[in-house]
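A closer look at the structure
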Amino acid sequence: MLHGEELDRVGIDGWLEGYQRKELLRILTCGSVDDGKSTLIGRLLHDSAGVFEDQLKALKKDTTRFGTTGEEIDFALLMDGLQAEREQGITIDVAYRYFSTPRRKFIVADTPGHEQYTRNMATGASTSDLAIILIDARKGVLAQTRRHAFICSLLGIKHVVIAVNKMDLVEYSQEVFEAIRRECSEFLGRLSIPDVHFIPMSARRGENVVGRSETMPWYQGAPLLDYLETVHIAGDRNTIDLRLPVQLVLRPNLDFRGFAGTIASGVLRKGDEIVALPSGRRAFVKQVFVSGAEREEAGPGMAVTITLDREIDISRGDLIARPNNAPMLEHAVEAMVVWMNEAALEPGRQYLIQQCALQAPVAVTDLRYRIDVNSLKSESATQLGLNEIGRIRMECAKPIGADPYVRNRQTGAFILIDRMTNATVGAGMILDRTPAEQALDRERRSHDAGTNLSPHAGTVTPEQRAARVGQRPFTLWLTGLPRSGKSSLANALERTLFERGLQSVVLDGESLRKGLSSDLGFSERDRAEHVRRASELAKLLNDHGQAVIAAFVSPTAEQRERARSVVGAERFLELHCDASLEACEQRDSTGFYAKARAGEIANVTGVHTAYEPPTSPALRLDTVGASVEANVARILALLESRLLVG
Amino acid sequence: MTTLHLSHLEQLEAESIQIIREVVAQFEKPVMLFSIGKDSLAMLRLAEKAFAPGKLPFPLMHVNTTFKFKEMISFRDEFVKARGHTLIEWINQEGVKAGITPFNAGTQRYTHVMKTEALKQALSHYGFDAAFGGARRDEEKSRAKERVFSFRDRFHTWDPKNQRPELWNLYNGRVAKGESIRVFPLSNWTELDVWLYVYKEQIPVVPLYFAKPRPVVNRNGTWIMRDDDRMPLEPGEVPEMRSVRFRTLGCYPLTGAVDSQASNLREVLEEMLRSRTSERQGRVIDYDEAGSMEQKKKEGYF
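What you see is a predicted model, and the numbers here were worked out from it, not measured in a lab. In this numbering scheme, every chain counts its residues from 1 along its sequence in written order. The order in which chains are written sets their letters, starting at A; the order in which ligands are written sets their numbers, starting at 1. Per-residue local features of the predicted model are confined to residues with pLDDT of at least 70, and side-chain atom pairs are confined, for both listing and counting, to 80 or more; whole-chain, interface and lining totals are unaffected and use all residues. The side-chain numbers reported here are obtained from all heavy atoms of the structure, hydrogens and water having been left aside.

**Focus on the overall build of chain B**
- Looking only at helices and strands, one finds nine helices and 10 strands in chain B.
- We call a residue buried when its accessible area falls under 20% of the maximum for its residue type, exposed when it is over 50%, and partly exposed in between, using a 1.4 Å probe and counting protein chains only. Per-residue burial for chain B yields a buried fraction of 63% across its 302 residues.
- Any pair of residues with heavy atoms lying within 4.5 Å of one another is described as a contacting pair. Counting only contacts in chain B whose residues sit at least 6 apart along the sequence, the fraction spanning at least 24 positions is 75%.
- To measure how exposed things are, a 1.4 Å probe is used in the Shrake-Rupley method; for residues, cover is taken only from the protein chains shown. Carbon and sulfur atoms make up 50% of the accessible area of chain B, which amounts to about 11,600 Å² in all. Segments assigned H or I by DSSP are reported as helices when at least four residues long, segments assigned E as strands when at least two residues long, and all are numbered from the N terminus.

Encoded structure:
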């Protein structure tokens, strides 16, 4: 028993002290029953003392009745809740489990892996910090693995553990594990999950779950529980953008008028100036109560009540923000939705939206596309059925103060409610919008005085500029040998983005050298300086909401790393235009390589100096075998999967 | 910046407060079930915090089976008075008239009439559209899948197949006339969390949770306290004084005591941390069959 051992070590007072400081980690487990998922959770609960003796006794009784493990205790039976389901041997809903270790308390959302249960997985994912995706080592990566990773990414989970289970059944083979890791890395690169870990394990035997496995000496990493206890999640919180959705107005007596709600993000202090949306009225914070006690400040996740220095009109559903950092107020919203009801979503239908504390009628005006969760390709659709995911446009009767979901997991989320049955039929994540739609909305807004909330004080932030332009800025960094097709790809891409209503700027070596870098030559130092200028320019453009397509040989990994850090890793995508030197020389019609070979030009990459291909680009594009159109399509798919373009 | 960091207990507290406020915002006539146990007391403290510095915007209701421990009732009356809350007590008078007791009716029928039916009568009588309960998901397997907002039809029954998905912290509380919800603000708390909260917040609890010599008899391996002489003794059975405490509180004939010397909260916590059995073991009512809780819930039990 972990508690017992800990008690012996620190005594009851030490234990009580420690317990009060524990952090909470919410975990989602994805995989099918056959992957050994329930066994894994049962194992975590059992080995960390989350299972009591009487439960174990009941479990032993259940094992003989329903179990599939013979004499061994079937940990899976700990997990399956409702009796009828247990008899069918399947789990069909989200079940929550609890356990704790000396360091953390854990809440596990267990969701089924069957094809039709996207809905349940999205439900579990919506509140999780981390997801464990199980893979049966014998079966390798399946369509469901891609689907699970995609839903995790869509719902904004930042930490994923790929648990390669049943290693005992593949003789603990490192080759099997590495092959799975390679295959996963390929598609995970197309999603936006910043932190991914791979752990080989055998849940049934408890190897690399709680304790290290001695059967896999080749695995140098930590066992699962160690990782769960230490993964850093505090940085996932948004402490920048103050958003306080008003849940209730408390008026216990004539002298007190408090606004109660849970801080979605940001920090609120006594004396701060705030703005209430949609009214746009401002006031200063007089008092802050956190869980009923008066405090100086409050942060994300805290249940607060605040009072203000003056009477302004605020009611349930309103949003409190800062005057120089307020979300866009929109009547029209673009969003990804997961459909959760048998009655399909159809454009033209009306629902109720619930976003933060706001409930209002909305009409779905467009179904832009549906995503095939297995291939991650978008396809046109006339309706969205149960467990399907798609992108919609909605118009709301009231303006919604919302942030893009990628920026704010609270204000960017909503549910849709059927007005007849009151059922929750859809879950949505708000996206950034295209300029055309924004223009349309602005037009409407000009008729609607008081909702135009352009900042009055403070500098304009990159986020605000991006919001004004209506696109999420990014830099596509195309690297490759001279004549590998970078510039033609860049130009074709710009054209495609332009046609989709997105603005982008192409930066390439040739044009920059005519102006900005005209003082530079081709020495190693000058080349590095050239790349530096290009990166700074890309950053500047991104900060102004423009997308950048940068086409530079940038031959060394170091130069490209520097570019990444200048631009910012979160908006930098490295694309490798992969063409052999031979192919580049062959397609060269300008005589560039011929002159280099003849010694007329010095310092030519590929000929005189080496080109270091990227080891893990966001995409490796075959610019010899594949057409420009095909490569543009791949880049678009990448941008879509990262929700950079819609 | 340390004041901006939430420990797990503070996070659970904040989430529960959000749930309680959401119910008050979305429903017309909520009520908080008050069973006098530690979970109820923790839930009540959360509600007080949710509306501080104001008072609770809803009453408390105790469904009394008439077989509760005497100490529970005296604690209840003093506590509620001291805190200035409004309490409704409901007893199923039909059950009382029919003379139903745990001894003559059998556990299942007694529970059904005096708890489940009584609760439904009370909710219908007052027209409450939302009732807070202190149940937790870690209590029992079928609870693990329970929603925070648990929907009941006009007959107060629960259909496990027809519950709404709950995403993020968005709770859809829309109901048709006559329909209601049961709300579980402590869904994500464990027994240990509740005790820790009681400890941290210094919430007074019924002294039955602490060990003291009490008159008990052994029935089927469980120590039952003879709280009054309505409980018939078996031939030759003589109550003995043992130092016992209760891990859960309910109807005294259905609540098992455990041998213990832990006479204060710190000692109870230490004993519990070293314990190897879960708390529901002391409850006679859902010990009989793996799916029994699910069956009771379908009939309208909490």
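**Observations concerning the overall build of chain A**
- Summing up its helical and strand segments, chain A has 18 helices and 28 strands in all.
- Counting every position in chain A, which comprises 646 residues, the buried fraction comes to 56%.
- Contacts in chain A between residues at least 24 apart in sequence constitute 71% of all its contacts with a sequence separation of at least 6.
- Summing over all exposed atoms, chain A offers an accessible surface of approximately 26,100 Å²; the carbon and sulfur share of this is 49%.

**Topic: the interface of chain A and chain B**
- Chain A puts 89 residues into the contact, and the matching count from chain B is 70 residues.
- For any pair of parts, buried area is found by adding up, for both, the accessible area (1.4 Å probe) each one loses once the two are put together. Summing the contributions of chain A and of chain B, the shared interface buries around 7,100 Å²; its carbon and sulfur component is 55%.
- Within this document, salt bridges are pairs made up of a side-chain nitrogen of Lys or Arg and a carboxyl oxygen of Asp or Glu, the two lying within 4 Å of each other. Counting every contact that joins chain A to chain B gives five salt bridges.
- Between A:Asp13 and B:Arg266 there is a salt bridge, with its nearest N and O atoms 2.8 Å apart.
- Amino acids outside the nonpolar list (Ala, Val, Leu, Ile, Met, Phe, Trp, Tyr, Cys, Pro) and the charged list (Asp, Glu, Lys, Arg) are all regarded as polar, and Gly is one of them. In terms of residue class, the side of chain A that touches chain B is built from 41 nonpolar, 26 polar and 22 charged.

**Focus: the packing of aromatic side chains**
- Pairing of aromatic rings covers Phe, Tyr and Trp, the last through its six-membered ring, and needs centres within 6.5 Å; plane angles under 30 degrees mean stacked, over 60 mean edge-to-face, and all others mean tilted. One pass over the full model with this rule turns up 25 aromatic pairs over all chains.
- For the pair A:Phe592 and A:Tyr593, a centre-to-centre distance of 5.6 Å together with 80 degrees between the ring planes defines the contact as edge-to-face.
- Between B:Phe67 and B:Phe103, the aromatic rings sit 5.8 Å apart at their centres with planes inclined by 75 degrees, giving edge-to-face as the arrangement. In this pair, B:Phe67 is assigned in the loop between strand E2 (60-63) and helix H3 (70-83) and B:Phe103 in helix H5 (residues 102-105), connecting sequence segments 36 residues apart.
- Here B:Phe103 falls in the partly exposed class, since its relative accessible area comes to 29%.
- Here a set of aromatic residues connected by ring pairs shows up, and it is made of B:Phe67, B:Phe69, B:Phe103, B:Tyr110, B:Phe246 and B:Tyr252.

**Let's talk about the side chain of A:Glu229**
Residue and element names in this part refer to chain A.
- Here Glu229 is to be found in helix H9 (residues 224-230).
- Of the side chains with opposite charge, Arg103 comes closest to the buried, unpaired Glu229, at an N-O distance of 4.1 Å.
- Discounting residues that sit within four places of it in the chain, Glu229 has contacts with Thr101, Pro102, Arg103, Arg104 and Phe106. Positive charges are assigned to Lys and Arg, negative charges to Asp and Glu, while His and the chain termini are left out of the count.

**With respect to the pairing of strand E8 (residues 222-225) of chain B**
Residues and elements named next belong to chain B.
- Relative to E8, strand E7 (residues 212-219) is paired through four bridges, and the arrangement is antiparallel. Residue pairing for E8: Val216 is matched across the bridge by Met225.
- We call two strands paired when DSSP finds no fewer than two bridges between them. Count of turn residues in the E7/E8 antiparallel hairpin: two residues, of which Asn220 carries a positive phi of about 50 degrees.

**Describing the pattern of salt bridges**
All names here are of chain B.
- The tally for this structure, following the rule as stated, stands at 62 salt bridges over all chains.
- Residue Lys49 is joined to Glu13 by a salt bridge in which the shortest nitrogen-to-oxygen separation is 2.7 Å. Remark: Glu13 occurs in helix H1 (residues 8-26) and Lys49 occurs in helix H2 (residues 38-51); sequence separation between them is 36 residues. One exposure class covers both Lys49 and Glu13, and it is buried.
- Each of Glu13, Arg45, Glu48, Lys49, Arg83 and Glu201 takes part in salt bridges that share partners, so that together they form one network.

**Quick notes on the environment of B:Ala130**
All names here are of chain B.
- Locating Ala130 in the fold gives a position in strand E4 (residues 130-132).
- Judged by relative accessible area, which is 1%, Ala130 ranks as buried.
- Once the C-alpha coordinates of Ala130 and Ile181 are considered, the two residues, 51 residues apart in sequence, prove to be 4.9 Å apart.
- Not counting chain neighbours up to four residues away, the residues in contact with Ala130 comprise Val23, Phe27, Lys29, Pro30, Val31 and Ile181.

**Section: the sheet that holds strand E10 (residues 256-259) of chain B**
All names here are of chain B.
- The sheet built from four strands closes into a barrel, its strands ordered E7-E8-E10-E9 with antiparallel pairing. Here the average twist between neighbouring strands, direction ignored, is 70 degrees.
- The sheet contact formed by E8 and E10 spans two bridges and is antiparallel. By the bridge assignment, Trp223 is partnered in E10 with Ala257. Here the axes come from fitting lines to C-alpha atoms, over the contacting stretch only for helices, and the angles between their N-to-C directions go from 0 to 180 degrees.

**Let's talk about empty space enclosed by the protein**
Residues and elements named next belong to chain A.
- The method works on a 1 Å grid over the protein atoms by themselves. A cavity is a set of points holding a 1.4 Å probe that cannot get out, a pocket is an open set with protein on both sides within 12 Å along at least five of seven lines, and residues with an atom within 4 Å of a point line them. Grid points are joined across faces, edges and corners, and a volume is the space filled by probe spheres set on the points. As enumerated under the stated definition, the model contains 10 cavities of 30 Å³ or more in all.
- A volume near 100 Å³ is recorded for the second largest cavity.
- Lining the second largest cavity, in full, are Phe150, Met336, Tyr369, Ile371, Leu376, Lys377, Ser378, Ala637, Glu640, Ser641 and Leu643.
- Those elements that place two or more of their residues in the lining of the second largest cavity are strand E19 (358-372), strand E20 (377-379) and helix H18 (628-641).
- No other element matches the three residues that H18 contributes to the lining of the second largest cavity.
- When grouped by side-chain class, the residues that make up the lining of the second largest cavity number seven nonpolar, two polar and two charged.
- Domain segmentation is taken from an automatic or database assignment of domains. Taken domain by domain, the lining of the second largest cavity gets at least three of its residues from each of domain 3 (329-431) and domain 4 (468-641).

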